[in-house]
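# Observations on the three-dimensional arrangement
Next come the chains, spelled out residue by residue.
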Amino acid sequence: MNDIDYDRLSTAELNAIHAQLLEAYEAYKRQKLSLDMSRGKPCDEQLDLSLEMLDIVGSGDVLTDRSGLDSRNYGGLDGIPEAKDLFAQLLDVSPSELIIGGASSLTMMHDTLSRAMLHGVFGSSLPWGKLPAVKFICPSPGYDRHFAICELLGIEMIAIDMLQDGPDMDQVEKLAAGDDAVKGIWCVPKYSNPDGITYSDEVVDRLARMETCAGDFRIMWDDAYTVHHLADEPDRLKPMLAACKAAGHPDRVLMFSSTSKISFPGAGVAVMAGSENNMNFIRKQLAVQTIGPDKLNQLRHVRFFKGPAHIEAHMKKHAAIIKPKFEMVLNLLETELGGKRIASWNKPNGGYFISLNIMDGCARSVVRMAAEAGVTLTKAGATFPYGHDPRDRNIRIAPTFPTLSELKTAIEILCLCVQIMSIRTFLN
Ligand code: PLP
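So, here's what we can say about the structure. Fair warning: this is a prediction, and the values are worked out from it, not measured in the lab.

### Section: the sheet that holds strand β10 (residues 343-345)
The strand order across the open sheet built from three strands is β10-β11-β13, with neighbouring strands paired in antiparallel fashion. The open sheet has two edge strands, β10 and β13 (394-397), and neither has a second partner. Between one strand axis and the next, the sheet turns by 25° as a mean value, whatever way the strands run. Looking at chain direction, strand β11 (residues 354-358) and β13 are connected through four bridges and run antiparallel. Bridge pairing links I354 to I397 in β13.

Here you go:
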């Protein structure tokens, strides 16, 4: 049924195809499947890649860091020196521009914005929470958990479009320059969640350079997928802190990352980075919140990963496991939905997602229909602020966790639902 332009079919032809598709869908439904593709989680085989790390820091090993600090005890507020060196190289910053945290970068982002509401950021004249309104620019589709943080803290979200090379900078510049309540922007600059887009040099420079009405504007630069390549030629992201310094706005960016999808989600190492002014401001506040992070885990990670070259080799092993899954999804989308003018999608060079755009008004019903056949997808609308996709068309596909055969079934069902709902739209 490939390359049939639904737009050109008669009602009778559309009805005939609809009946055929519905029969296939009902057959799947009778199988009482239970397939979960809702979140971007590594599969067991990926987790196994880092298992040996658990044997590295044992009772017989040296448990002091390079400075001689005992990792079993309190102290080392912003991380052990060797972990700072490693992440500094990954994020293109210097070790003094970095704070190693616990196991979750999302926690660090949440805490950063919570502290901004309570105390302001470096250079603020007032805590953000004392202002009549705080607004954030949210390139969309984006990461639902970023939006959830804003919602929780009462930060008003302004959705703007994602283009093929990053956020629509005309919209961003206008909003940032026009309103002092606009305090920041969320960015997933490399292999973005969910579009898989890497920001161009021009977008990085425009973000670094743009005029902002708020003097304490912050770019929340969530570089979660910085080494998560799928293609042989990885995307290259221009270093953001250097760009901000060059533009005369060294304090504008706060960067975040973690090893969640390099080692173990929930038991990895998270990190934030920024100018020394920003980091010193935060270190003082952190010293009240904690006496120090889990240094044994940092030691484990540094001894296992050694340096950027080892991480690169390790990520190639991840890619070897998940690339066939991405390829299968892309091939199925092409054979089932290609040429019908009912859907479009990106082919990401890395990251964890494939973002599928279907006909306007169809995403919620497709996700519901897939769920009735046992396929759980990310909630429709979740990729937009307040869970509201204005065109009701974006569906986030997370191919990494299911097995290849589960994935094949899930995507076949998804494609059936997309076609059925599209035909219903044409018929109405
Ligand atoms: N940032 C992005 C863009 C993500 O997609 C995810 C997880 O899916 C996270 C952050 C979560 O990171 P962490 O496990 O370090 O909290």
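### Regarding unusual backbone geometry
The omega torsion of the bond from S140 to P141 falls at 5°, within 30 degrees of zero and hence cis. Positionally, P141 belongs in the loop between β3 (135-140) and α5 (144-153). In this model, N193 is joined to P194 through a cis peptide bond whose omega is 10°. Within the secondary structure, P194 sits in the loop between β6 (182-187) and α7 (201-209). We note that K32 has phi near 50°; this positive angle belongs to a residue other than glycine. Looking at the secondary structure, you find K32 in the loop between α1 (11-30) and β1 (35-37). The exposed category is assigned to K32, around which 8 C-beta atoms lie within 10 Å. The phi dihedral of Y386 is positive, around 60°, even though this residue is not glycine. For Y386, the position within the fold is in the loop between β12 (375-377) and β13.

Conventions and cut-offs
- Residues numbered from 1 in each chain as written.
- Predicted model: local features only at pLDDT ≥ 70, side-chain atom pairs only at ≥ 80, totals over all residues.
- Pairing = 2+ DSSP bridges.
- Helix = DSSP H or I, 4+ residues; strand = E, 2+ residues; numbered from the N terminus.
- Axes fitted to C-alpha atoms, helices over the stretch in contact; angles between N-to-C directions.
- Buried ≥ 20, exposed ≤ 12 C-beta atoms within 10 Å, placed from the backbone.

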